[in-house]
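The lines below spell out each chain.
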Amino acid sequence: MKNGLPQGSVLAPLLFNMQMYTMDLSLLKSSKFIYADDLAIACPTNTFEEENYTLSSDLKVFNEYYKNWRSNQVILKCLRFILIIEKLINNY
């Protein structure tokens, strides 16, 4: 291993929290969910274009942050999940 921490290291959540503390999460337009050393962002929208714009602009904020700190994102752990919920109308 050239850099990073071993899987399951007790330092990973601590270092992640220190890193997130220095980042201005208020710049993000989407909702943030942080657990241990993972961060998820979500944005409820009405169109794919709006969702794409919101997530793309938030990822640019992350990219700039990591670039300024000369750190790398783990792209292999990134996932985009789209959930479509349609309103059901009952005619009773």
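The rules behind the values
Residues numbered from 1 in each chain as written. Predicted model: local features only at pLDDT ≥ 70, side-chain atom pairs only at ≥ 80, totals over all residues. Heavy atoms only, no water. Core = buried A, V, L, I, M, F, W, Y, C linked by side-chain atoms within 4.5 Å. Buried < 20%, exposed > 50% of the residue type's maximum accessible area, 1.4 Å probe, protein only. Helix = DSSP H or I, 4+ residues; strand = E, 2+ residues; numbered from the N terminus. Contact = heavy atoms within 4.5 Å. Expected span 1.5 Å × (residues − 1). Arc of directions from axis to C-beta.

Caption draft 1: Representation of the nonpolar core within the structure. Counting eight residues, the largest nonpolar core is built from F16, M20, M23, L25, L28, F62, Y65 and Y66. Those elements giving two or more residues to this core turn out to be α1 (11-22) and α2 (48-68). Considering each element in turn, this core owes the most residues, three residues, to α2. Apart from the residues within four sequence positions on either side, M20 is in contact with L25, L39 and Y66.

Caption draft 2: Structural context of the side chain of E51. You can see E51 is positioned in helix α2. Classification of E51 as buried rests on a relative accessible area of 8%. With residues near it in sequence (within four places) discarded, E51 still touches C43, T45, R80 and I82.

Caption draft 3: Structural detail: α1. In this model α1 runs 17 Å from its N-terminal to its C-terminal C-alpha over 12 residues, within 8% of the 16 Å that 1.5 Å per residue would give. Inspection of α1 places A12, F16 and M20 among the buried residues, and these make up the whole buried set. One side of α1 carries all its buried residues, which in axial view fall inside an arc of 60°. The inward-facing, buried residues of α1 abut β1 (31-35), β2 (38-42) and α2.

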